[in-house]
Amino acid sequence: MTLAETLTPSIQATDDRLAGLPREKLIEMLRQMRLIRAFEEAAEQQYFAGKVHGTMHLYIGEEACAVGCIAALEPRDPITSTHRGHGHAIARGQDVREMMAELLAKRTGVCRGLGGSMHMADVELGNLGANGIVSGGMGSAVGAALSAHLLKTGRVVMCFFGDGAANNGNFHETLNMAAIWKLPVVFVCENNQYAMSMPAQQALPVRVADRAAAYAMPGVRVDGMDVIAVYREARKAVDRARAGFGPSLIEVLTYRFKGHSRSDKQVYRTKEEVKEWQARDPIQRFEALLIEHGVITPAEAEQIQAQAQAAIEEAVAFADASPEPDPATLLDEVYYEEPANKMDNALRGLTLGTPKPFTERPLPTWFTRTFSQHAGSEPPPGTRELTGSEALREAMAQAMDAAPNVILIGEDIGKYGGAFGVTLGLYDRFGPERVRDTPISENAIAGVSFGAGMTGLVPIAEFQFQDFVTLAMEQIVLQAAKVRYMFGGRTICQMVVRLPSGSGTGAAAQHSESLESWFVNVPGLKVVMPSTPYDMKGLLLAAIADQNPIIFVEPKLLYKSKGPVPELPYIVPIGKAAIRRPGRDVTIVSAGTTAPRAVEAAEQLAQEGIDCEVIDLRSLKPYDLHAIVQSVKKTGRLLIAHEAPLLGGYGAEIAAAVAQSEAFAYLEAPIVRLGGADTPIPYNRTMERAATPQTENIVEYARKLARLQI
C-alpha cells in the first residue's frame, strides 16, 4: 500500500495549528515521543545483546498514536494496551527504569520479571495492562468503564488495539456492549497496516472507523503520523465520553518502522514502502513544527533528545544491576491471599510427604468489612429450609444489600430471572444498573466482569449453562486467571463466574456438560462446587469475598433440593471438605451432584454392614487433601466419584495425590475412580442416566472395594 492510497483529504495534516495547547504540554508530548523512541532503540539493542528472553514488538514509528491519545486524558484515566505496548506505558507515565528491568526479566521490573515485554502494566498508575492476545484488553476496558460509570468516578477509559483485532469477536461484542450501556470508553485502533504479515486491506473490506456506525457511535480515521491531529480527535472522543454520551472509535493510521516482532524478516513489504513512511517520521514532523512556531529552539530540541537518551541509559544501567527473581518465590503471586494468611499447600501444588491440614483462617477482610453483623464461618444450620436456588439468591441479595459495588451480569438475569430462575426478584429489588442483562456475548460478559473486578466492582457473572463458558475461555483463562501473576502481584481480580452444570435435565449434548476439570487445570482460578443449599449460600458468599477469580459450579439438579440454611450471612471456607458421613470401611470422595448420591449409597451399604465415610470436597481447587488422606489411613480403601468425564477428570488428581502421600502405605485395595463416560451427554433418558455415575454404581463399586473384589 502506498502512502497516497492510505490518506484521504479528511486526514491530511496541516502545519498551521498547535491545537491551542500550552507550551509546557507541547514540550512534554515531544519529550514522551523521544523517550519512547529511545527506549525502543535501546530495547532492540538489549535484544541483540542476548539479554531479552523471548521476543518483543517495537513501537518505533507509532509514537504519535500513544502520545497524542493519552495527552487527551486526565492523570487517573485508565488505559488498556496491546502486545506492542511500551509506548502506551511510557505515555501513561510509567517508570522507564522499571520497564527496562521488566524487559530484562529482573525482580525490580514493573511486573517483577513475571510479565515481560507484552505485559507491561501499572494498575495503580492507570495502565490496566498490555496484552499478548489480540483484542484481549477490550473486555477489561469496557469493564473498567462500567466501574467508572457505576462508581461515578468521572474517569474515561482508553482502549488501544491493533487493526487485526477489528476482525475478532471481542471487537464486536465489546463495542456493542459499550454502546448499549453508553459507557465512557474510547476505542483506539492503531492501524499500522499489517496484522503480522497480512496487509490490512486484505483482511478488512472497509475502514475500521466505518464499523463504528454499526454500533451507533462516532468513528473517525486520523493521520497517526501527526500527533496534533491524533490529539484533536482523541480530545473530542474523551470529552464526549466524560459528558456521558458514550463511546467513540478512532482509527489511527500509522506505520511500524520495524517488523511485527524481532524475528520478523519483513519479506511481505518493500523497502521503498518502508522508506516512504519513514520520511513522515512523527517525531521529526512534530519537532520541526514546534521549532517553526517558536515553541522550542533547535538547541532545546537537541537537549530534549539528549535527556531522553540519558534517561534510557540510566534505565539500562538500573536493569543490568538489578537482581533476578528468586525461584523460591515462583508461586507467590498466583493467588491473592489475606495478608495474615499463608497459601494452602493445595494451592502451591502437591508437596511430597504429609499433606497439611486445612487451617482455619480469619474471615475474609471483605466479608467482615461488608457485614457488620454476621454469623461467621460455618454456623449451625438451624431449622429454616431453602432450596438451592433460594440459597444462592439470598447470598447474592445479602451481598448486594451490604455492598453497593456488587453487581450481577449475564444473559436474561433481569426480569426473566435467569435460565433457572436463580436471580428472580433481584432485578426489581436492585434495578437494571446492578442486575445487568447482557446481549448474547459470553466472552464480553467474562471480559467486562474481569475488567470491573480489577477496578472496584465485585461482579457475579451468570452463564446460562456451563457449556456456554467455552465461548468465554479466552477472557477467563488467558486474562482473569493470569492477570495477577503476569502483572507481578500488583493487582487483583475479584469476580465470580456462576456456571449451571451437569446432566439429568434432558437438555442433551450442548447443555449438559461437566467442564469443571478444565478449570482445575488453570493456575490462578479457584473452583468451587457445592452440593447442599447450606453450602450454596456459604460458598457463594465466600467466593464473593475472595479476591481471586472464582469458578462457581452449580449442579442444576440441586437447584430444587432443600436443606437448612441460616438467615444471617456466613461463609463456608473455600478449600475445606465436609465429612457427610463418618465410616471405617471405605472412603468415598465426591462433589456436586454425586455427593448426595454417595451419601445415599453409603446408607444403603450400611444395611449390608459396610461402613462408608463420605467426603464432600465442596472445593475442587484448592481441595482438602489432608482430610482425604486421614480418611484413607483409617479405611484403607478409596473410591472417587464425579460426574465429569473419567478420562482427565479431577478424580485422577486425587488418586495420584493419595498415591504420593503417606496414605499409600495404608491402602488395602486399588484406588477406584467412577466418572462420566467418554461421550457427549445423550438425549434419551436411559442413555443420559447411564452416562454418569448413579447411586447404584457407587454402591456396586464400594461393595467390591469393601469385599476386596477389585
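The rules behind these values
- Residues numbered from 1 in each chain as written.
- Predicted model: local features only at pLDDT ≥ 70, side-chain atom pairs only at ≥ 80, totals over all residues.
- Heavy atoms only, no water.
- Pairing = 2+ DSSP bridges.
- Helix = DSSP H or I, 4+ residues; strand = E, 2+ residues; numbered from the N terminus.
- Axes fitted to C-alpha atoms, helices over the stretch in contact; angles between N-to-C directions.
- Contact = heavy atoms within 4.5 Å.
- Core = buried A, V, L, I, M, F, W, Y, C linked by side-chain atoms within 4.5 Å.
- Buried < 20%, exposed > 50% of the residue type's maximum accessible area, 1.4 Å probe, protein only.
- Expected span 1.5 Å × (residues − 1).
- Arc of directions from axis to C-beta.
- 1 Å grid on protein atoms, 1.4 Å probe; cavity = no way out; pocket = protein on both sides within 12 Å on 5 of 7 lines; lining within 4 Å.
- Points joined across faces, edges and corners; volume = space filled by probe spheres on them.
- Nonpolar A, V, L, I, M, F, W, Y, C, P; charged D, E, K, R; others polar.
- pLDDT = per-residue confidence, 0-100.
- Phe/Tyr/Trp six-rings, centres within 6.5 Å; stacked < 30°, edge-to-face > 60°.
- Lys NZ or Arg CZ within 6 Å of the ring centre and 35° of its normal.
- Parallel < 35°, antiparallel > 145°, perpendicular 65-115°, else oblique.
- Left-handed = near helix turned anticlockwise from the far one by under 90°.

1. So, the sheet that holds strand 10 (residues 495-501)
And step 1. In spatial order, the strands read 8-7-9-10-12-11-17; together these seven strands make up an open sheet with mixed pairing. What marks the edges here is a single partner per strand, and that holds for strand 8 (435-437) and strand 17 (619-621). On average, each strand axis in the sheet is tilted by 20 degrees relative to the strand beside it, whichever way the strands run.
And step 2. As defined by bridge partners, strand 7 (residues 406-410) adjoins strand 8 across three bridges and the pair is classed as parallel. Residue pairing for strand 8: I409 is matched across the bridge by R436.
And step 3. Where helix 16 (residues 442-454) meets the sheet, its contacts fall on strand 7, strand 9 (458-462) and strand 10, and the angle it forms with strand 9 comes to roughly 165 degrees.
And step 4. Against the sheet, helix 20 (residues 533-545) engages strand 9, strand 10, strand 11 (526-528), strand 12 (549-555) and strand 17, with an angle of about 165 degrees to strand 12.

2. Notes on the sheet that holds strand 3 (residues 185-191)
And step 1. Taken together, five strands build an open sheet; the order of strands is 1-2-3-5-4 and the sheet is parallel. Each edge of the sheet is formed by a strand with only one pairing partner; in this case those strands are strand 1 (79-80) and strand 4 (219-223).
And step 2. Along the sheet, helix 3 (residues 63-70) makes contact with strand 1, strand 2 (157-162), strand 3 and strand 5 (248-253), crossing strand 2 at roughly 165 degrees.

3. Some thoughts on the nonpolar core
And step 1. M100, M158, F187, F286, I476 and I628 are the most contacted members of the largest nonpolar core, which has 163 residues in total.
And step 2. At eleven residues, helix 2 (residues 23-48) tops the list of elements feeding residues into this core.
And step 3. Residues in contact with F187, not counting those within four places in the same chain, are M138, V142, C159, F161, T174, L175, A178, M217, P247, S248, L249 and I250.
And step 4. With 42 residues, the next largest nonpolar core counts M400, V528, M536 and A545 among its residues.

4. Re helix 21 (residues 594-606)
And step 1. In a regular helix each residue adds 1.5 Å, so 13 residues correspond to 18 Å; helix 21 covers 18 Å between its end C-alpha atoms and thus fits that length.
And step 2. Those residues of helix 21 that fall on the buried side of the exposure criterion are T594, A595, R597, A598, A601, A602 and L605. In an axial view of helix 21, the angular spread of the buried residues amounts to 155 degrees, which keeps them on one side of the axis.
And step 3. Looking at the buried positions of helix 21, the neighbouring elements they touch are strand 14 (578-581), strand 15 (586-590), strand 16 (612-616), strand 18 (638-645) and helix 25 (695-706).

5. Quick notes on the layout of surface pockets
And step 1. Space inside the second largest pocket adds up to approximately 290 Å³.
And step 2. Among the elements that line the lining of the second largest pocket, the one with the most residues is strand 18, at three residues.
And step 3. Grouping the constituent residues of the lining of the second largest pocket by class yields nine nonpolar, eight polar and three charged.

6. Some thoughts on the environment of F160
And step 1. Here F160 shows up in strand 2.
And step 2. With a relative accessible area of 2%, F160 lands in the buried category.
And step 3. Along the backbone, F160 and V188 are 28 residues apart, and their C-alpha atoms lie at a distance of 4.8 Å.
And step 4. In contact with F160, other than residues within four places in its own chain, are C65, A66, C69, I70, I79, T80, S81, T82, H88, V188 and E190.

7. A look at the confidence of the model for the chain
And step 1. In the predicted model, the chain carries a mean pLDDT of 92, and the fraction of residues at 70 or more is 96%.
And step 2. Here residues 1-5 scores under 50 on pLDDT; set against residues more than four positions off or in separate chains, the count is ten contacts.
And step 3. Here residues 7-15 is modelled with pLDDT under 50, and outside its nearest four sequence neighbours on either side it reaches 14 contacts, counting other chains as well.

8. Re the packing of aromatic side chains
And step 1. Under the definition given, this model contains eleven aromatic pairs.
And step 2. Their ring planes at 50 degrees and their centres at 5.2 Å tell us that Y194 and Y268 sit as a pair that is tilted. Of the two residues, Y194 sits in the loop between strand 3 and helix 8 (200-203) while Y268 sits in the loop between strand 5 and helix 10 (271-278), which places them 74 residues apart along the sequence.
And step 3. The class for Y194 is buried, based on a relative accessible area of 5%.
And step 4. Arranged with centres 6.4 Å apart and planes meeting at 80 degrees, the rings of W366 and F371 form a pair that is edge-to-face.
And step 5. Here a set of aromatic residues connected by ring pairs shows up, and it is made of Y194, Y255, Y268 and W277.
And step 6. The positively charged end of R436 is found above the aromatic ring belonging to W181, 4.2 Å away from the centroid.
And step 7. The ring centre of Y701 lies 5.2 Å from the NZ or CZ of K704, which sits over that ring.

9. Quick word on the packing of helix 5 (residues 96-103) against helix 12 (residues 298-321)
And step 1. Orientation of helix 5 relative to helix 12, taken along the N-to-C sense of each, is 50 degrees, at an axis distance of 8 Å. Classified by the angle their axes make, helix 5 and helix 12 are oblique. For helix 5 against helix 12, the interelement crossing comes out right-handed. Residues V96, R97, E98, M100 and A101 of helix 5 form the contact with helix 12, whose participating residues are A311, I312, E314, A315, V316, F318 and A319.
And step 2. By residue class, the composition of the contact of helix 5 with helix 12 is nine nonpolar, no polar and three charged.

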